[in-house]
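Per-entry structural report
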Amino acid sequence: MSDKKQRRYDLAYLKMANEWAKLSHCERKQVGALIVKDKMIISDGYNGAPTGFDNCCEDEVGNTKWHVLHAEANAILKVASSTQSSRGATLYLTLSPCRECSKLILQAGIKRLVYAKAYKDTAGLEFLKTSNIEIIELPFNE
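Below is a short write-up of the structure.

Quick notes on the rules
- Residues numbered from 1 in each chain as written.
- Predicted model: local features only at pLDDT ≥ 70, side-chain atom pairs only at ≥ 80, totals over all residues.
- Heavy atoms only, no water.
- Salt bridge = Lys/Arg side-chain N within 4 Å of Asp/Glu carboxyl O.
- Helix = DSSP H or I, 4+ residues; strand = E, 2+ residues; numbered from the N terminus.
- Buried < 20%, exposed > 50% of the residue type's maximum accessible area, 1.4 Å probe, protein only.
- Polar contact = N/O pair within 3.5 Å; in protein donor to acceptor, adjacent residues only side chain to side chain.
- Contact = heavy atoms within 4.5 Å.
- Phe/Tyr/Trp six-rings, centres within 6.5 Å; stacked < 30°, edge-to-face > 60°.

Some remarks on the pattern of salt bridges
For side chains bearing opposite charge, pairing can occur when the charged atoms are close. Here the structure, examined in full by the defined rule, presents seven salt bridges. With its nearest N and O atoms 2.5 Å apart, the salt bridge here joins Lys78 to Asp44. Of this pair, Lys78 sits in helix H2 (residues 71–80) while Asp44 sits in strand S2 (residues 40–46), and the two are 34 residues apart along the sequence. Note on Lys78: relative accessible area 43%, which makes it partly exposed. What emerges from the salt-bridge pattern is a single network uniting Asp10, Arg112 and Glu134.

Digging into the side chain of Asp44
By relative accessible area, which is 17% here, Asp44 ends up buried. A polar contact is formed between the side chain of Asp44 and the side chain of Trp20, at a distance of 3.4 Å. For Asp44, the side chain forms a polar contact with the side chain of Lys78, separated by 2.5 Å. Other than its neighbours up to four places away in sequence, Asp44 contacts Trp20, Ala33, Leu34, Asn74, Ala75 and Lys78.

Quick word on the packing of aromatic side chains
Remark: the centre distance and the inter-plane angle together describe each pair of aromatic rings, the angle taken between the planes. Applying the stated criterion across every chain yields a total of two aromatic pairs. Ring geometry for Tyr9 versus Tyr13: centroids 6.5 Å apart, planes at 40 degrees, classification tilted. A residue pair is termed a helical-turn pair when its members lie 3 or 4 positions apart in one helix, as Tyr9 and Tyr13 do in helix H1 (residues 3–21) at four residues. Residue classification places Tyr9 among the partly exposed residues on the basis of a relative accessible area of 33%. When its relative accessible area of 12% is taken as the criterion, Tyr13 is described as buried. Through pairs of rings, three or more aromatic residues link up here, namely Tyr9, Tyr13 and Tyr92.

See the structure below:
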């Protein structure tokens, strides 16, 4: 696929991840994720509380509750419980991954990461860069 065509697809998937982020009940940050393999979306996710918990992500003072799952973790867990494999896939994220999620990305076999905005702590990105994962920052206007 040509670079120009790949960029168009990357932008389209990122915009879809952004729409997915809007499903999150979190107030501080709404993050969306898509996992794409062989031109097919094989998983999706957004940040939020685990199944069976109240959808409120923040405590009384506005801090994120410890049990809230990040968008990429939800997408990776979802694909792990399916018949699909994320090995060799591309992960599209509206916000770059934290340290903990970067380990999940590596272990899931994801080979490419495209994100729209950088998270305040870039240690996750630095970790992935040393792990031979292609990383592309692709900001866009909504």
